[in-house]
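A look at the structure
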Amino acid sequence: MRIHNTTTPFGRRTMTLDHVAAQMDAEGLHDKPPVDKWRTFQDIREAREKIGATDRSLAILNALLSFYPETVLSAQEGLIVWPSNEQLIARSNGMSPATLRRHLAVLVHCGLIIRRDSPNGKRFARKGWDGQLDQAYGFDLSPVVARARAFAQMAEDIRAERRALRVARERVTLLRRDIAKTIETGIHEGVPGNWGAAQTRYVEIMARLPRQADRTLVGEIGDELEALYAELRQALESFVNSLKMNANESHNEQHIHNSNPDSHKESEDRSRNQEEEPSSVENDRKVESLPKRDLPLGIVLDACPGLIELNGGRAIVNWRDFVAAAEFARPMLGISTSAWAEALAVLGAREAAITLAAIYQKGEAVKSAGGYLRSLVDRAKDNKFSTWPMIMALLRAKLDAEEPPRTQGPEHSDGNRKAGISVSPSLLQNLAKPR
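For every chain, the first residue of the written sequence is number 1, and numbering continues from 1 onward in sequence order. Only residues with pLDDT of 70 or above have their local features reported here, since the model is predicted, and side-chain atom pairs are shown and tallied only from 80 upward, although totals for entire chains, interfaces and linings are computed over all residues. Here the side-chain values reflect all heavy atoms present in the structure, with hydrogen atoms and water set aside.

1. Topic: the overall build of the protein chain
Only DSSP runs of H or I with at least four residues qualify as helices, and only runs of E with at least two residues qualify as strands; both kinds are numbered from the N terminus onward. Scanning the protein chain for helices and strands turns up 19 helices and six strands. For the protein chain, the proportion of its 435 residues judged to be buried stands at 38%. Note on contacts: a residue pair is in contact if any heavy atoms of the two residues lie within 4.5 Å. Across the protein chain, the fraction of contacts at a sequence separation of at least 24, relative to all contacts at a separation of at least 6, is 67%. All accessible-area figures derive from a Shrake-Rupley calculation using a 1.4 Å probe, and residue coverage is judged against the displayed protein chains alone. As displayed, the protein chain offers around 25,300 Å² of accessible surface, 50% of which is attributable to carbon and sulfur atoms. Only protein chains enter the calculation, and the probe is 1.4 Å; a residue is then buried if its accessible area is under 20% of its type maximum, exposed if over 50%, and partly exposed in between.

The following block contains the structure:
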C-alpha cells in the first residue's frame, strides 16, 4: 500500500487503507499468545527491509514500547500508550517534530501501530472510579502482538539467507585460493597447458563479483570458479598419472630386458621375418602380426611434426616430453577428459600419446577426434588396433609427397631419403609394401 495523506484540508486525520489493514490484524488478537516485546522488536529490526520500516521509525517504535510498563505484551491488557511528542523525541535520540510525525506515519503504513485518536486529537488516558484504566487514546501496539509470529519467521528467513551468503562467500574465497595455487603449480612445474588463458578466465569471473552481492550472484560465481578449478585440477592429475605410467612402463621394460636378455633378439628376428614377407600378403592382415617392438621416438616425430609445432618449437627429446605435448594438444582437439582417461588406461601413456599425435596430424580428415579416439580404444580392447599402421601410413604419405617423379630415371631412386626424412632400410621396405 502507498502512504496516503492522513490529514484533511481542515487539519483532521482521515482513515486510510493502512489503518484498515492494521485493524483487521488486531481484530483476532484475543487468540494470540503473549509475546516478549523486546524479542519481537529484535525480529522486527532484523526484518525491517521486508516490513518497509526505517532505522528512524524503529527508534520511535522502541520508544513507544518503552512506555508500555510490562515486558510481555498481552491481549488481556490494554496495549495503548499515550506519550507526548516531547517524550517521544527525548526517548528516540532527538529529532524534529516534523521528522517524528513522518516516521510515525511510516509505522502506521507498515502495520506496526494503530492510531487511536481522541475526539480532540489529543493523546491521554482516563481512569475509572476503581483506579483502573478506563479509556486511553494514543498509539495501539496490538499489531506487534498480532503479527509477532510473522515477524519471527521473516527474521529467521533473513538470518538463514545471511548464513547462506556467508557460506557462499567462504566457498568463493577457498576456490580463489585453490585456483591461484593450481595455476602457480602448473606454471612452476612446467605442466603443459594454457595457464595464461586460465588466469585471464579467472580474472574475468572475479570481475563480475561486486563488493556487495546477493547470494544468488555469489553462488553463480562459485559454480564457475568450481568448474574452472576442476579443469585445472584435472590437467595436473592427468599429467601426474602420465608420469606415473611412463615410470611404470620404463620399470617393466627394464625388468623384462634384464630377466630375458634374448627377448630383444627374438623381437628383431620376428620383425625381420615379418618385413621379409612376400608382397602378396593381404592388406587386412591381423594387428597381431604387426611388429611388436616399440616405435622409435624419431620416427614418430617424423610422422607427426605437427605436435612439435604445437609445442612452440621446443624440442621433444624423450617420451616424457612427447606425452606432455600430447596432453597439451588434447583439449584443442575437443577430446574429453573421460575419453583421454580411457585411452590412457587401455593403451598406456605412450601409445595413447602416439595415437593422439597421429589424429592431430591427420587434421581435417578426422571430423570428430574424440569419437575417433574412442573407436580406436574399443578396437584396442579386442586387440585389433596398433599404432604402427597409423604411423606407417603418415610416413608413407609424407614420402609420396616428397618423392620425385619416377620418369626421371633410376638415379633418383634414393630421393626419398634426401628429402629430409632419415629412416632405416627395413622401414622403407615396410612402407614400400602394397597398400
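2. Some words on helix 17 (residues 369–381)
Given the number of residues in a helix, its expected span is that number minus one, multiplied by 1.5 Å. The terminal C-alpha atoms of helix 17, which comprises 13 residues, lie 18 Å apart, in line with the 18 Å expected from a rise of 1.5 Å per residue. Restricting attention to buried positions, one finds in helix 17 the residues Ala369, Gly370, Leu373, Leu376, Val377 and Ala380. The arc enclosing the buried residues of helix 17, seen along the axis, measures out at 125°, which places them on a common side. A positive phi of about 60° marks Asn383, the residue just after helix 17. For this quantity, the arc is that covered by the directions from the helix axis to the C-beta atoms.

3. As for the packing of helix 16 (residues 349–362) against helix 17
Note on geometry: axes are lines fitted to C-alpha atoms, helical ones only across the stretch in contact, with angles between N-to-C directions running from 0 to 180 degrees. Interaxial distance between helix 16 and helix 17 falls to 11 Å at its minimum, and their mutual angle equals 140°. Between helix 16 and helix 17, the angle is such that the two are oblique. For the element pair helix 16 and helix 17, the recorded crossing hand is right-handed. Here Thr355, Ile359 and Lys362 of helix 16 lie close against helix 17, whose contacting residues are Ala369, Tyr372, Leu373 and Leu376. Here the contact of helix 16 with helix 17 is composed, by residue class, of five nonpolar, one polar and one charged. We call two directions roughly parallel when the angle between them is under 35 degrees, roughly antiparallel when it is over 145, roughly perpendicular when it lies between 65 and 115, and oblique otherwise. Handedness of a helix crossing follows the sense of rotation of the near helix relative to the far helix, less than a right angle counterclockwise being left-handed and clockwise being right-handed. For this classification, Asp, Glu, Lys and Arg are treated as charged, while Ala, Val, Leu, Ile, Met, Phe, Trp, Tyr, Cys and Pro are nonpolar and the rest, including Gly, are polar.

4. Let's talk about the pattern of salt bridges
Salt bridges, as used here, are contacts in which a Lys or Arg side-chain nitrogen is within 4 Å of a carboxyl oxygen on Asp or Glu. Scanning all chains against the criterion turns up 16 salt bridges. Ionic pairing is found between Arg208 and Glu224, a salt bridge with its closest N-O pair at 2.9 Å. Of this pair, Arg208 sits in the loop between helix 9 (195–207) and helix 10 (215–259) while Glu224 sits in helix 10; the two residues are 16 residues apart in sequence, bridging distant segments of the chain. On the basis of relative accessible area, Glu224 is assigned to the partly exposed category, the value being 30%.

5. Observations concerning unusual backbone geometry
Positioned with a positive phi, Asn93 is a non-glycine residue whose angle comes to about 70°. Tracing the backbone through its elements, the reader meets Asn93 in the loop between helix 5 (85–91) and helix 6 (97–109). Take Asn93: its relative accessible area is 74%, and that puts it in the exposed class. One non-glycine residue, Asn383, lies in positive phi territory at about 60°. Take Asn383: it is sitting in the loop between helix 17 and helix 18 (387–402).

6. Focus on the packing of helix 2 (residues 37–46) against helix 4 (residues 55–66)
At a closest axis distance of 11 Å, the pairing of helix 2 and helix 4 adopts a crossing angle of 170°. It follows that helix 2 is roughly antiparallel to helix 4 by the angle criterion. Facing helix 2, whose interface residues are Lys37, Trp38, Phe41, Ile44 and Arg45, helix 4 presents Leu58, Leu61, Asn62, Leu65 and Ser66. The residue makeup of the contact of helix 2 with helix 4, split by class, is six nonpolar, two polar and two charged.

7. Here's the deal with helix 16
For helix 16, with 14 residues, the first-to-last C-alpha span of 20 Å sits near the 20 Å given by 1.5 Å per residue. Most of helix 16 sits out of view: ten of its 14 residues are buried. By the burial criterion, the buried members of helix 16 are Ala349, Arg350, Ala352, Ala353, Ile354, Thr355, Leu356, Ala357, Ala358 and Ile359. The first or second residue beyond helix 16 is Gly363, which carries a positive phi of 65°.

8. Re the environment of Pro305
Here Pro305 lies in the loop between helix 12 (297–303) and helix 13 (306–310). Accessibility expressed as a relative area gives 25% for Pro305, which makes it partly exposed.

9. Section: the nonpolar core
Residues enter a nonpolar core if they are buried and are Ala, Val, Leu, Ile, Met, Phe, Trp, Tyr or Cys, with the set joined through side-chain atoms within 4.5 Å. Within the largest apolar cluster, 44 residues are counted, with the highest numbers of intra-cluster contacts made by Phe322, Trp340 and Ile391. Only helix 12, helix 13, helix 14 (319–329), helix 15 (337–347), helix 16, helix 17 and helix 18 provide two or more residues apiece to this core. Considering each element in turn, this core owes the most residues, eight residues, to helix 16. With near-sequence residues (within four places) excluded, Ile391 lies in contact with Leu295, Ile299, Val300, Ala303, Cys304, Ile354 and Ala358. Residues Ala53, Tyr68, Leu107 and Val145 belong to the second largest nonpolar core, which totals 34 residues.

10. Considerations on the packing of aromatic side chains
Any Phe, Tyr or Trp ring, taking Trp's six-membered ring, that has another such ring centre within 6.5 Å forms a pair; planes under 30 degrees apart are called stacked, those over 60 apart edge-to-face, and the others tilted. This model, assessed by the stated rule, comprises two aromatic pairs. Where Trp38 meets Phe41, the ring centres are 6.4 Å apart and the plane angle is 90°; that geometry is what we call edge-to-face. Here Trp38 and its partner Phe41 are both found in helix 2, three residues apart, which amounts to about one turn of the helix. With relative accessibility at 31%, the residue Trp38 sits in the partly exposed group. Classification of Phe41 as buried rests on a relative accessible area of 5%. When the centroid spacing of 5.4 Å and the interplanar angle of 85° are considered together, the rings of Trp319 and Phe322 count as edge-to-face. Remark: Phe322 and Trp319 occur in helix 14; sequence separation between them is three residues, near one turn of the helix. You'll find Trp319 and Phe322 in the same group, each marked buried.

11. Details of the confidence of the model for the protein chain
Per-residue confidence from the predictor is reported as pLDDT, which spans 0 to 100. When pLDDT is averaged along the protein chain, the result is 76, and 71% of the positions lie at 70 or above. Helix 2 holds the highest mean pLDDT among the elements of the protein chain, 93, whereas helix 11 (residues 263–275) holds the lowest, 38. Counted against residues more than four places away or in other chains, residues 1–12, with its pLDDT under 50, gives 21 contacts. Within the model, the stretch residues 405–435 combines pLDDT values under 50 with 34 contacts to residues more than four positions away or in other chains.

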